[in-house]
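# Residue-level structure breakdown
This is what each chain is made of:
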Amino acid sequence: MTARLTFVQKTGERIADVFDDLARLRIAVFRDYPYLYEGSVEYEKGYLQTYLQSGHSFLFAVYDGNTMVGATTCIPLKDETAEIRKPFEDAEFDAGAICYFGESILLPAYRGLGLGHRFFDEREAHARSLGGVKTCCFCSVDRGENHPLKPAGYRSNDAFWLKRGYRQEPALQSIMEWPDLGESVSTPKTMIFWTKPLNK
């Protein structure tokens, strides 16, 4: 399968070239647990603006033919929205020395091919290219242990992230809002950050 895949990189405002593809992919993948995201194009447009306005944002996408089947993004933390920056600013981190990793999403049929590692490799390489970045971070939603929509046998990505050298930082938390499946109103969710020193 990997032989037929192609890869695309975009930075800054050029990410707009693949906005429709990215929006469709985000809505499809984030419907699954634990995000349970009731996606909308309007929400996606708002989300994307942050990445278009930063000259150093980065997108790496995977295509099978004309269909985007996977994508990942990153952006300097200082260019992110207030709710992403806040826990680091409150803890007196230097936002200019941190790169924030956004989504890392793949359609189910393309998982298990090593693309998850490729996504981290590409983002970490971009972070190194920025100069002055010492730490990479991302966040994941905390649904607790007993959410009613948690699938039987669900396995989180924690083991994979630990293998990549990331560590959960329970003291670094943020609140994000989006509508859950079947809902029309956004509700707050707790997001917990993971961090890793960026070795040169």
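See above for the structure.
The model shown is predicted, which means the values in this text are computed figures rather than measured ones.

### Concerning the packing of helix α1 (residues 19-29) against helix α2 (residues 41-53)
Close contact between α1 and α2 brings their axes to 10 Å; oriented N to C, the two are set at 120°. Both α1 and α2 take part in a crossing whose hand is right-handed. In contact with Phe19, Leu22, Ala23, Arg26 and Ile27 of α1, α2 contributes Val41, Tyr43, Glu44, Lys45, Tyr47 and Leu48.

### Regarding the nonpolar core
Within soluble globular proteins, side chains that are nonpolar generally end up buried alongside one another. Core analysis: the biggest nonpolar cluster contains 34 residues, and Met68, Tyr100 and Phe193 have the highest contact counts within it. By residue number, the principal contributor to this core is α1, which donates six residues. Aside from chain neighbours lying at most four places away, what touches Tyr100 is Tyr51, Cys74, Ile75, Leu77, Glu80, Ile84, Cys137, Phe138, Cys139, Met176 and Phe193. Within the second largest apolar cluster, 21 residues are counted, among which are Phe58, Val133, Trp194 and Leu198.

### Details of the packing of aromatic side chains
On inspection of all chains with the given rule, the structure shows 19 aromatic pairs. With centroids separated by 5.5 Å and ring planes inclined at 75°, the aromatic side chains of Phe88 and Phe93 adopt a geometry described as edge-to-face. A relative accessible area of 41% means that Phe93 is categorised as partly exposed. Each residue in the set Phe101, Phe120, Phe138, Phe160, Trp161, Tyr166 and Trp194 is aromatic and connected to the rest through ring pairs, giving one cluster. If you follow Arg26 out to its NZ or CZ, it ends over the ring of Tyr47, 3.7 Å from the centre.

Rules used throughout
Residues numbered from 1 in each chain as written. Predicted model: local features only at pLDDT ≥ 70, side-chain atom pairs only at ≥ 80, totals over all residues. Heavy atoms only, no water. Axes fitted to C-alpha atoms, helices over the stretch in contact; angles between N-to-C directions. Helix = DSSP H or I, 4+ residues; strand = E, 2+ residues; numbered from the N terminus. Left-handed = near helix turned anticlockwise from the far one by under 90°. Contact = heavy atoms within 4.5 Å. Core = buried A, V, L, I, M, F, W, Y, C linked by side-chain atoms within 4.5 Å. Buried < 20%, exposed > 50% of the residue type's maximum accessible area, 1.4 Å probe, protein only. Phe/Tyr/Trp six-rings, centres within 6.5 Å; stacked < 30°, edge-to-face > 60°. Lys NZ or Arg CZ within 6 Å of the ring centre and 35° of its normal.

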